[in-house]
Structures are given as C-alpha cells and as structure tokens.
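In case you want the letters, here they are:
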Amino acid sequence: MFIDYESLPSPCYVVDESRLRRNLSLIHSVEERAGVKIIMAFKAFALWKVFPIIREYGFSTTASSLSEARLAVDEMHSLAHTYAPVYTDREFPEIAACSSHITFNSVAQYQRFSALAKSAGHPISCGIRVNPGYSPVETALYNPCGPGSRLGVTAQNLGGTLPEGIEGLHCHNLCESTSYELEKTMQILERDFAKQLQMVKWVNFGGGHLMTRADYDVEHLVSILKAFRSRHPHLQVILEPGSAFAWQTGELVATVEDIVENGGVSTAMLDVSFACHMPDCLEMPYQPNIIGASSQAEDGLPTYRLGGNSCLSGDFYGDWSFVKPLKVGSRVVFLDMIHYTTVKTTMFNGISHPSLALQRMDGSVEILRKYAYEDYKSRMA
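The following refers to the structure shown. (Residues numbered from 1 in each chain as written. Predicted model: local features only at pLDDT ≥ 70, side-chain atom pairs only at ≥ 80, totals over all residues. Heavy atoms only, no water.)

This paragraph deals with the pattern of salt bridges. For the structure shown, the criterion picks out 18 salt bridges. Between Asp215 and Arg213 there is a salt bridge; the shortest N-O distance is 2.8 Å. For Asp215, a relative accessible area of 60% corresponds to the exposed category. Between Arg305 and Asp319 there is a salt bridge; the shortest N-O distance is 3.6 Å. Pair noted here: Arg305 is in strand β15 (residues 303–307) and Asp319 is in strand β16 (residues 316–322), with a separation of 14 residues, a long-range link. Classification of Arg305 by relative accessible area gives partly exposed; the value is 25%. Taken together, the salt bridges that share partners define one network made up of Glu17, Arg21, Glu56, Arg360 and Glu366. (Salt bridge = Lys/Arg side-chain N within 4 Å of Asp/Glu carboxyl O. Buried < 20%, exposed > 50% of the residue type's maximum accessible area, 1.4 Å probe, protein only. Helix = DSSP H or I, 4+ residues; strand = E, 2+ residues; numbered from the N terminus.)

Okay, the nonpolar core next. Core analysis: the biggest nonpolar cluster contains 95 residues, and Leu225, Leu306 and Phe334 have the highest contact counts within it. With six residues, the single largest contributor to this core is helix α9 (residues 218–231). Setting aside residues no more than four positions away along its own chain, Leu225 makes contact with Val30, Ala34, Val36, Leu182, Met186, Val237 and Leu239. If you look at the next biggest cluster of nonpolar residues, it comprises eight residues, including Ile3, Tyr5, Val14 and Val333. (Core = buried A, V, L, I, M, F, W, Y, C linked by side-chain atoms within 4.5 Å. Contact = heavy atoms within 4.5 Å.)

Below, the discussion takes up the packing of aromatic side chains. The geometry of an aromatic ring pair comes down to the distance between the two centres and the angle between the two planes. Going through the model one piece at a time under the given rule, you end up with 13 aromatic pairs. Between Phe59 and Phe245, the ring centres sit 5.1 Å apart and the planes meet at 85 degrees, which makes this aromatic pair edge-to-face. In this pair, Phe59 is assigned in the loop between α2 (51–55) and β4 (61–63) and Phe245 in helix α10 (residues 243–246), connecting sequence segments 186 residues apart. We classify Phe245 as buried; its relative accessible area is 0%. (Phe/Tyr/Trp six-rings, centres within 6.5 Å; stacked < 30°, edge-to-face > 60°.)

Looking now at helix α1 (residues 17–34). Between the first and last C-alpha of α1 there are 26 Å, a value that for 18 residues agrees with the 26 Å anticipated at 1.5 Å per step. Taken as a whole, α1 has its buried residues at Glu17, Arg19, Leu20, Arg21, Asn23, Leu24, Ile27, Val30, Glu31 and Ala34. Gly35 sits one or two residues past α1 and shows a positive phi near 70 degrees. (Expected span 1.5 Å × (residues − 1).)

Structure (structure tokens):
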C-alpha cells in the first residue's frame, strides 16, 4: 500500500498494517501446518500499540526480562515464556508471576530459583538452555555459541542427565537463518542431547527463523518440523522468532537538514542517528536499503555519506548514490526499519526517539506516539 512519507512527521518509524498482517498470516500458517507453537520475541519487536492486531492471530510471547514479562501480561493478555541469561532475587518472584514457562541459563540458577517457581501460585514449566556448540552466525557479537560462550549448558557439562523438575530444553543459536540451518541444529541436538530429549516435555528452538523473508524455504521448514515431531511425538515444539514478525513491515523516515563538504566527501546530515536509532548499522553492520538510492557508489550519480545527528564521531554510514541530488528538506526513507530498532533506541545526547506511526488497512495514518523533553528527563532520574 502506498505511504505518503512527505506527510509524516520527521523522523518517524511507520508500520504498515497490511504488511504486518501478511507476516502474521504466514507465521500462523506454518504454526498450524507443522503442528508447533510459534511465539513472538519482544527483544526484536515490542510495539505494544499494535498488539491487538497480533492477538487476533492467537500468538503469545517470549520475554527476556521483568519488563518484557510484564508487557506480555499487560498488553498481550497472556503469560510469557521467559528466558534471561541471569535472574536476581529482587526480580524473580514478579517474573514468575508473569510467566507460564521459565528457562534457566545454568543448572545453578535453576537450583537457586526452582522453589520460587513452584510457589508462584500457578503452574510454571521450567526449562534449561542448552548450547549445541554450533551456530551459523558469523558476526561474533551475535554468535551465542562462540568459544567460552556464557549462554546455555553444553552437552559435556550436562553429562547425559537433567536436574529433577526440568521439563524442557531451550536451544537458541540462529539469527536470520534458514530452515536448513535449523535442520542441522536439530540433528546436533538429537545426537548430543538424545538422553535429555527423552526426559522432557517440550523443546524450544529459539529465534532466528526468518520465515517471512522472500527467499526462505517455508515448505522445507514445515517438513522438518513435522519430521522432528514424528521422531519425538511426546515433545511440544516451540519456535520464538522476533524479526520474522516485523520483517519488511515499515520504514524510518528522515529529513536532510544540512550538507557538509570535507575532503571530497559530501555528507547529508539527517535528523536521525545511526547510533541512537539504527544501532545495527554500526554493530552488525546491517546495511538498509533506501528508496531512490543505491548502497554502492555509482559514477555519474550524486553520492552522499549519510550523517547522524549525535555528536559521536562514528555516527555516519554509507556512501549512497541517489537518483536525484539531495538538498535541505529532502526526505530519506530507510526500508525495513521496524525490527530491532524501536527496542534498541537510546536518548544519547538527549536526542528524541523518532515518532511512531501506523498506516491502517484503509490508508489512514495513526500517530501512535511523539516524544518530547519530558521523555528524556524522566529517563535521567
């Protein structure tokens, strides 16, 4: 559906309801056809004002902190599947109150908090995160199975057994990965954790299943999930993607406020920040697409480095060649900017978050939130 980017406030994240529903329909179809449970990970997408749309498809959520677990109860109206690398005495009782499943990162953490989990006032199914020693993720910052990883218990350290009361295994080793990499993960889990798989009621294959990407082999995903279930009919199989829910559902709209020339480099200064609003561009690095621009410098086209509006020296990215020259007031629209953006924004330098907008199915635009000085001030005290 056409979005009039010029009419939006700048800067602004805008979600397209039609594209969001397209993703939700596909994910729900996989869930039903494969006979598995797919839950949405808040760590990639937690725009709670669109949760009424997501609830229509029957999804529940996975949390990684007390705040996310509370959000599951408050806005998704369901208990969370919760996993955190470490729990504290201060927060665990409230986390338990908001959770149907709790996964522990270590045996020691389970032993420390299992009694509190059992006394939560409602049934909680406890799991342990396992580390398969395999991940296709090449960027070290995002690899949960790198040498000496703090995430999950290895097969060697489990020693063919499980603590009494553990009902599930949680294995998260993928990131925007393919179904074939999930298939390899399954094979490793069945080989190295065979005994534990017979002892539990559920297995959670974590996130990273980018099933809404155009080139993802959805049919292969359904087939391997069915095959795994047929080999382990006693297990409930769970997936918890985050990016797949919000993949290609919206944009970040920015405006050129100045053009700086230095040493033959033209930098278009924007009213957004890569460091504050698009951190994966600097961390991953993730290279977004831009409407009307090429990420590769092309001879004969006006080419610009894009500069963020924070004082961090490295707050820039590019160079991009544009079809038309940029000028002060030009809109720059970054595509696919909804997952892992709004959840990772900061107010470094006191820079406000971009506004949040939702384009409805009828073409109308609803401004969900605008940020102001009070939002910055409240975070500082």
